[in-house]
Amino acid sequence: MRIATWNVNSIRSRIDRVTSWLERSDVDVLAIQETKCREDQFPGLELSSMGYEYAHVGLNQWNGVALLSRVGLEDVSTSFAEDQPRFGDPEVLEPRAVGATCGGVRVWSLYVPNGRELDHAHYHYKLAWLESLRTAATGWLADDPDAQIALTGDWNIAPEDDDVWDMAVFEGKTHVSEPERQAFRDMLTTGFTDVVRPHTPGPGTYTYWDYQQLAFPKKRGLRIDFVLASQALAARVDGASIDREERKGKGASDHAPVVVDLD
């Protein structure tokens, strides 16, 4: 089975690229982030015609996550915890998580809050969101140590210095702060493993490049998109890749798809 995660930065703007990539990639399950649309705007017809079932949660032009699967889509959930943190005034449960069982694997598409600035309320929300996810994931494995779970998505964290094109540029900014990095490391102590890094070593290996200042051709990127697998699922991984080619050309997302192959 082949699973992938991709922040498409607007599914409606990039549906042609998504369908074309699906035709070429032979992916069974795709986790999507930043769909940036409501439920009634999601282009499900195009995806269904390709043999993919889908689950999507989105409220407006911000956030939004989806799962596409051609190996089954069962037990869909649009939050990972009853007390999943909320944000805004008034506070709302943002569409940042959707999970489903696909081909026997529990796959989550996650769009971790950006954080904005270190002294911003959104940063504290980000840390609380990550802690809530860690608590939930710990509980899942406590209930079933052999559970096959994939936590996929845009984590908005560059966990290591090698994951950043120039650490000096990011001094005092989000994505590289110690509390964020510690939150990511804490996920790895719950029984989950970054299954992509061993197959795509750095430095200079990225999944995101800003649209501004020719960041992509200048190789000024970040590695912020990950697949974290439970121990039982990690044992099945026999390959992984980052499709950097998909970041090229007209109408590309600013993120590249991340792909994991299971035996």
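Since we're looking at a predicted model, the values are computed, not measured.

Engineer: Account for the overall build of the chain, naming residues and giving values.
Structural biologist: Secondary structure assignment for the chain yields five helices and 14 strands. In summary, the chain has a C-alpha radius of gyration of 17 Å against a globular reference of 18 Å for 263 residues, a match within 12%. By principal-axis analysis of the C-alpha atoms, the chain measures approximately 45 × 45 × 40 Å. Residues counted as buried form 55% of the 263 residues belonging to the chain. Across the chain, every contact between residues at least 6 apart in sequence was considered, and the portion connecting residues at least 24 apart equals 70%.

Engineer: Could you give an account of the packing of helix α3 (residues 121-143) against helix α4 (residues 178-188), with specific residues and numbers?
Structural biologist: Direction vectors running N to C along α3 and α4 enclose 10°, while the axes themselves pass 10 Å from each other. By the criterion of interaxial angle, the relationship of α3 to α4 is roughly parallel. Contacts from Tyr123, Lys126, Leu127, Leu130, Leu133, Arg134 and Ala137 of α3 reach α4 at Pro179, Glu180, Ala183, Asp186 and Met187.

Engineer: Which residues make up the nonpolar core, and what are the values?
Structural biologist: Ranked by size, the top nonpolar core spans 30 residues in total, and within it Leu67, Val195, Val196, Val227 and Val260 carry the most contacts. Breaking this core down by element, the ones donating at least two residues are β2 (29-33), β3 (53-57), β4 (65-69), β6 (97-102), β7 (105-111), β12 (225-230), β13 (237-242) and β14 (258-262). Dropping the residues within four chain positions of it, valine 227 is found in contact with Ile3, Thr5, Ala150, Leu151, Thr152, Thr193, Asp194, Val195, Val196, Val258 and Val260. Core analysis: the second largest hydrophobic core is formed by 25 residues, Trp108, Ala137, Ile157 and Phe184 among them.

Engineer: Which residues make up the sheet that holds β12, and what are the values?
Structural biologist: Strand order in the open sheet made by the six strands is β5-β6-β7-β8-β12-β9, with mixed pairing throughout. Every interior strand has two partners, whereas the edge strands, β5 (74-77) and β9 (192-194), have only one. In this sheet, adjacent strand axes meet at a mean angle of 20° when their direction is disregarded. Inspection of the sheet shows strand β8 (residues 149-154) paired to β12 by five bridges, in the antiparallel sense. Each bridged residue has a counterpart across the sheet, and for alanine 150 the counterpart in β12 is alanine 229.

The rules behind the values
- Residues numbered from 1 in each chain as written.
- Predicted model: local features only at pLDDT ≥ 70, side-chain atom pairs only at ≥ 80, totals over all residues.
- Heavy atoms only, no water.
- Helix = DSSP H or I, 4+ residues; strand = E, 2+ residues; numbered from the N terminus.
- Rg over C-alpha atoms; globule rule 2.2 N^0.38 Å.
- Buried < 20%, exposed > 50% of the residue type's maximum accessible area, 1.4 Å probe, protein only.
- Contact = heavy atoms within 4.5 Å.
- Axes fitted to C-alpha atoms, helices over the stretch in contact; angles between N-to-C directions.
- Parallel < 35°, antiparallel > 145°, perpendicular 65-115°, else oblique.
- Core = buried A, V, L, I, M, F, W, Y, C linked by side-chain atoms within 4.5 Å.
- Pairing = 2+ DSSP bridges.

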